[in-house]
Amino acid sequence: MEDILRLTKICKSFPGVKALSDVNLTIKKGEVHALVGENGAGKSTLMKTISGAYKKDEGSIWFDGRDVEVTSPKQSELMGISIIYQELNLIERISVAENVFIGRYPLKSGFVQWGKMYKDAQALFDEFDLKIDARRLVRSLTMAQKQMVEIIKAVSINAKVIIMDEPTSSLSTKETESLFKIINKLKSNGVAVVFISHRLDEIFTICDRVTVLRDGCYVGDRDISDITKNEMISMMIGRELTQQYPERSNAIGDVVLEVKNLTDGGKSVNDVSFAARKGEVLGFYGLVGAGRTETMRMIFGIDKKISGKVLLNGTEVTLKSPRDAIKHSIGFITENRRDEGLFLRSSIRVNTVMVALHKILKHGFISYKKEKEVSEEYVKKLRTVTPSINQKAMFLSGGNQQKVVLSKWLFSDSEIIIFDEPTRGIDVGARREIYQIINDLVGNGCTVVVVSSDLEEIIGISDRILVMHEGNIAGEVLKEDFSQNLITKYAVGEGA
Amino acid sequence: MKSNNLKNISAKIADKLGAWLLIILIAAIMLFTSDKFLTTTNMINVFRQIAVVSIGAIGVSFVILGGGFDLSTGMIATFAGCNTALFMKNFGWNMYFAMIVAILIGIAIGTVNGLLITYLKIPPFICTLGMQYVINGLVFVTTKSVPITGLPEKFLKIGRGYIFGFFPVPVLIMFLFVIVGHIVLKYTVFGRSVVAIGENETAAKLSGLNLNLIKVAMYSLSGFCVSAAGIVLAARLSSGQPNSGADLSLQAIAAVYIGGTFKGSIVNTLAGALVWGFMNNALNLMNVNAYWQKVALGVVIIGAVLFDTFRAKLASKSID
């Protein structure tokens, strides 16, 4: 197969950091090419260099038969390179068709030809077997459908290379499958897809080749059929991965948290009851939309429950707001750390003490000395990688951001910590560190509840798994019975 | 590489100095243009002129930092000034008592703003716009649109007096507000919470902050500061003037934006007010006609914020 895109010895520096150094990437026509590496390895920078959002310092880009200089995202799009970012770039308040043809509305004497636009858009969706009405408003679509719209948009401008940045991170298993169908269809049309993902399983399912980056450098590329998962991981982290899920051996004690008949009026949570013990990691698995996050949000007092009780150490408590939950030593690490967990424009130190401001007071006033000591302590404890505690949260990598979120709950002495998708968007190396922190927490007598859509992860870290399906607890699986098969059966509603 | 370093350093300096850089710029130009500029009298004059706005702007800073907005401040200030005058003149109240009651009324109005905005979810811009008209009306009702004059000499000292024979009382009050405001913002849980809410309301809520209470409190605080400003203004004008504070709302907001208070310090608000004051002063000394002065001031507001965005961009680039 002939090449469509060749990047040779690309270098890019930011003041003080060499983000890319001599990176090569070759994409062939009609292949699905995985780009992997830990967070901070340079994947995003490389993508932004291809798209023209960044200007490369050195190196050359060859595309579709000639050397090119990419100066702006607009230009790269016109050439035939489309990028689908994790945070989709659609306009919510207008229709699907308008989004597909945005900036290129079919005109006749200066007026938009709406009929033609809807028809053309619909034809594209039909071609790909997608059941999306081109007249619908984008905001009424699910995350997965929105992604399809982005892909169709790329197709409609005759993209020859489509780059997808973590496309499956918010998709359910089923949605991922349909995404893969589309990718295969693109492939058969001769479109090359660059697939960026942290989920190695998916890479082995859908990709033909892989390029690995580490610390801004090109490590190598391989055919997927010539490489094992462990080999790929060692290429990414530069060492052998001993064991992804660290062992723990702490005792599990009495019931600490008990939830009885929790209901939100039939919206997403129906009569959910469970108990979690001291020193236990209780996993919650289910498909996206099964009601796991919603359950946790009610327990933490963010959303209103219609009925049901929460008991802590046997006593019923009223948790009407996060404030109440925090008073009862519950901590909640949300799945969306950028919007719900962090103050991105604030420093690590400000973030660390936010939940427990009262602990750094001296004579009623905030003590900057205490704040510094505390945040330095947690940076050290959790091995957060940062030049200083004054670094703004937005400049940290995903894993380090998660550690900052964690430190605020650790500093506030939470005894029950709920993790919603604890390792989403976090690279392999940092994941293990997060798992180790979870182990340390339960080792110290905390209770940990983990919600995850990553089956391997939930099996790897839980002592017990509850599987939710359409708002109900569909099944409970004890450690000795852990199997992907059984859990998946419960998740899709086919449990015994 | 060297030019990069130089760029970095200058970006850092620009970032640290912020609005002070503008003040230095104006001062530098004026040093060569007018020999009256850098005199003690002139300097004190500028501070005296910005005192009222600065006192009010301290309160407004909290509202804006907390992600809110307050358009009603000018009228709350006018109301407080007129009320104090009325209480002393018509009711024969003791000056301190009159001031305290007037300020309490101002706090109450701010609190109502806060309650409407938090509990009834009225957008701050609309809510305080409406409140501005309500209070404006009340001012005319209570004063019958006639200035209240003949206020006691002791009261006028607040606006016109000097201590040690040269230091204006309103400037002293202004510094007091700046210092206390600075401490409240930097060293109290309330101050920290305001900034947190302004930056990310959801994260603030999930971190256990009492959103509604803090939001209401910041509008109350705004009511307090602008009422104090209104009283100083009345003392300076020797009368409760029903038309006096109309411009104050926007001037206070301008001070917050010009100063770049978003960078986390109340002192920046003072800098913002000073830019305004020096600009005015410079144009006066250069004999620029008053109408053109308005044009120039407007340009400064837009320019300052533009400069701020540019500066922030530069700074974030150097860290990136």
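Just so you know, these numbers come straight off a predicted model, no measurement behind them. Numbers given to residues run from 1 along each chain, matching the order in which its sequence is written. Whichever chain is written first becomes A and whichever ligand is written first becomes 1, with later ones labelled in order. It should be noted that, the model being predicted, local features are given only for residues of pLDDT at least 70 and side-chain atom pairs only at 80 or more, the latter also being counted only at that level, while totals for whole chains, interfaces and linings use all residues. The side-chain numbers reported here are obtained from all heavy atoms of the structure, hydrogens and water having been left aside.

J.: Go over the interface of chain B and chain A with me, naming the residues and quoting the values.
T.: Listed per partner, the contact involves 25 residues of chain B and 33 residues of chain A. Each salt bridge in this description consists of a side-chain nitrogen of Lys or Arg and a carboxyl oxygen of Asp or Glu lying within 4 Å of one another. One salt bridge connects Glu 371 of chain A with Arg 192 of chain B, and the closest N-O pair in it is separated by 2.5 Å. In protein, a polar contact means a hydrogen-donor-capable atom and an acceptor-capable atom, both N or O and within 3.5 Å, with residues adjacent in sequence counting only if both atoms are side-chain atoms; elsewhere, any N or O pair within 3.5 Å suffices. Counting across the chain B and chain A interface gives ten residue pairs in polar contact (both at pLDDT 80 or more). The helix count covers DSSP runs of H or I at least four residues long, the strand count covers runs of E at least two residues long, and both are numbered beginning at the N terminus. Put simply, the parts of the chain that give the side of chain B that touches chain A at least two residues each are α8 (169–187), α9 (189–199), α10 (201–206) and α14 (290–319) of chain B. As a working rule, the residues Ala, Val, Leu, Ile, Met, Phe, Trp, Tyr, Cys and Pro are called nonpolar, Asp, Glu, Lys and Arg charged, and the rest polar, with Gly in that last group. Residues of the side of chain B that touches chain A, tallied by class, amount to nine nonpolar, ten polar and six charged. Here, residues are in contact when the closest pair of their heavy atoms is within 4.5 Å.

J.: Run through empty space enclosed by the protein, naming residues and quoting values.
T.: Residue and element names in this part refer to chain A. Whether a set of points on the 1 Å grid over the protein atoms alone is a cavity depends on a 1.4 Å probe fitting there but being unable to get out, while an open set qualifies as a pocket with protein on both sides within 12 Å along at least five of seven lines; lining residues are those with an atom within 4 Å of a point. Grid points are joined across faces, edges and corners, and a volume is the space filled by probe spheres set on the points. Per the counting criterion, the structure on display carries two cavities of 30 Å³ or more. Approximately 110 Å³ is the volume attributed to the largest cavity. Lining of the largest cavity is provided by Glu 166, Ser 169, His 198, Arg 199, Glu 421, Thr 423, Arg 424, Gly 425, Arg 431, Asp 454 and Glu 457. A class-by-class count of the residues in the lining of the largest cavity yields no nonpolar, four polar and seven charged. Two domains each put at least three residues into the lining of the largest cavity: domain 1 (3–237) and domain 2 (254–492). For the second largest cavity, the calculated volume is near 30 Å³. Forming the boundary of the second largest cavity are Ile 348, Thr 352, Ser 375, Tyr 378, Val 379, Leu 382, Thr 384, Lys 403, Val 404 and Ser 407. At the level of elements, α12 (348–353), α13 (368–381) and α14 (398–411) are the ones that each hand at least two residues to the lining of the second largest cavity. For the purposes of this description, domain bounds are those given by an automatic or database domain assignment.

J.: Talk me through the state of the cysteines; I want residue IDs and the actual numbers.
T.: Whenever a pair of cysteine sulfur atoms sits within 2.5 Å, that pair is classed as a disulfide. For the structure on display, the rule yields zero disulfides over all chains. Note on Cys 225 of chain B: no disulfide assigned, nearest cysteine sulfur contributed by Cys 127 of chain B at a separation of 18 Å.

J.: I'd like a description of the pattern of salt bridges, backed by residues and values.
T.: Residue and element names in this part refer to chain A. Taken as a whole and assessed by the stated rule, the structure comprises 28 salt bridges over all chains. Between Glu 69 and Lys 56 there is a salt bridge whose closest N-O contact spans 3.2 Å. Highlighted residues: Glu 69 in the loop between β5 (66–68) and α2 (73–79) and Lys 56 in the loop between α1 (43–51) and β4 (58–63), separated in sequence by 13 residues. Glu 377 is paired through a salt bridge with Lys 381; the nearest N and O atoms lie 3.5 Å apart. With Glu 377 and Lys 381 both in helix α13 and four residues apart, the pair spans about one turn of that helix. Exposure remark for Glu 377: the relative accessible area of 39% places this residue in the partly exposed category. Three or more residues are tied together by salt bridges with common partners; here these are Glu 31, Arg 209 and Asp 221. Between buried and exposed lies partly exposed: a residue is buried under 20% and exposed over 50% of the maximum accessible area for its type, with that area taken using a 1.4 Å probe on protein chains only.

Distances and angles like these do not, on their own, reveal function.
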